[in-house]
Amino acid sequence: MCKKILITKLFREGTSFFIYPFRITFVESVLNVNYPAQVLISVPKQNLRKAVQRNKIKRRIREAYRINKWILYEPLTDSQKQMAFCIIYTSKEILPSSLIREKIILLLQRLRKGHAQIAG
């Protein structure tokens, strides 16, 4: 996600929830892309000071999202809606990939439920 207008809309109008170690903000919007969802991944410098550590966490989150994005894509495609969301990593330590993967699955399922509540 790279459009400043969309990012501003996401944080102003979006709905948030927390699943440790992630804070998720999402908003349904017309994205003008061929994908049902766009994601922004953020690892704050205040939590992990070294860029190597932040990049490692971002790689783990991206991979977990890539493998499991179908959980969210199916209902969005069926209803022909689009969603933008932000995943913010809040832990101050590097968690294992397996835990990150489990939590990404949980947050995608919760986003799917959030989409159903907004759409229905």
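Residues numbered from 1 in each chain as written. Predicted model: local features only at pLDDT ≥ 70, side-chain atom pairs only at ≥ 80, totals over all residues. Heavy atoms only, no water.

Moving on, we get to the packing of aromatic side chains. Under the counting rule described, the total for this entry stands at three aromatic pairs. The interplanar angle of 65° and the centroid separation of 5.8 Å between the aromatic rings of Tyr65 and Phe85 together place this pair among those described as edge-to-face. Placement of Tyr65 in helix H2 (residues 51-68) and of Phe85 in strand S4 (residues 83-89) is noted, with a sequence separation of 20 residues between them. No difference in accessibility class separates Tyr65 from Phe85, as the two residues are buried. (Phe/Tyr/Trp six-rings, centres within 6.5 Å; stacked < 30°, edge-to-face > 60°. Helix = DSSP H or I, 4+ residues; strand = E, 2+ residues; numbered from the N terminus. Buried < 20%, exposed > 50% of the residue type's maximum accessible area, 1.4 Å probe, protein only.)

Okay, the sheet that holds strand S2 (residues 22-28) next. The strand order across the open sheet built from four strands is S1-S2-S4-S3, with neighbouring strands paired in mixed fashion. The strands lining the two open edges of the sheet, one partner per strand, are strand S1 (15-19) and strand S3 (37-42). On average, each strand axis in the sheet is inclined to that of its neighbour by 20°, with strand direction left out of account. Each of S2, S3 and S4 is contacted by H2, which is oriented at about 160° to S3, the strand it contacts most. (Pairing = 2+ DSSP bridges. Axes fitted to C-alpha atoms, helices over the stretch in contact; angles between N-to-C directions. Contact = heavy atoms within 4.5 Å.)

Next up on the list: unusual backbone geometry. The amide bond that connects Tyr20 to the next residue, Pro21, takes the cis arrangement and shows omega of 5°. Topologically, Pro21 is positioned in the loop between S1 and S2. Even without glycine at this site, Asn32 takes up a positive phi of about 60°. We classify Asn32 as exposed; its relative accessible area is 67%. Even without being a glycine, Gln80 presents a positive backbone phi close to 55°. Along the chain, Gln80 turns up in the loop between helix H3 (70-79) and S4.

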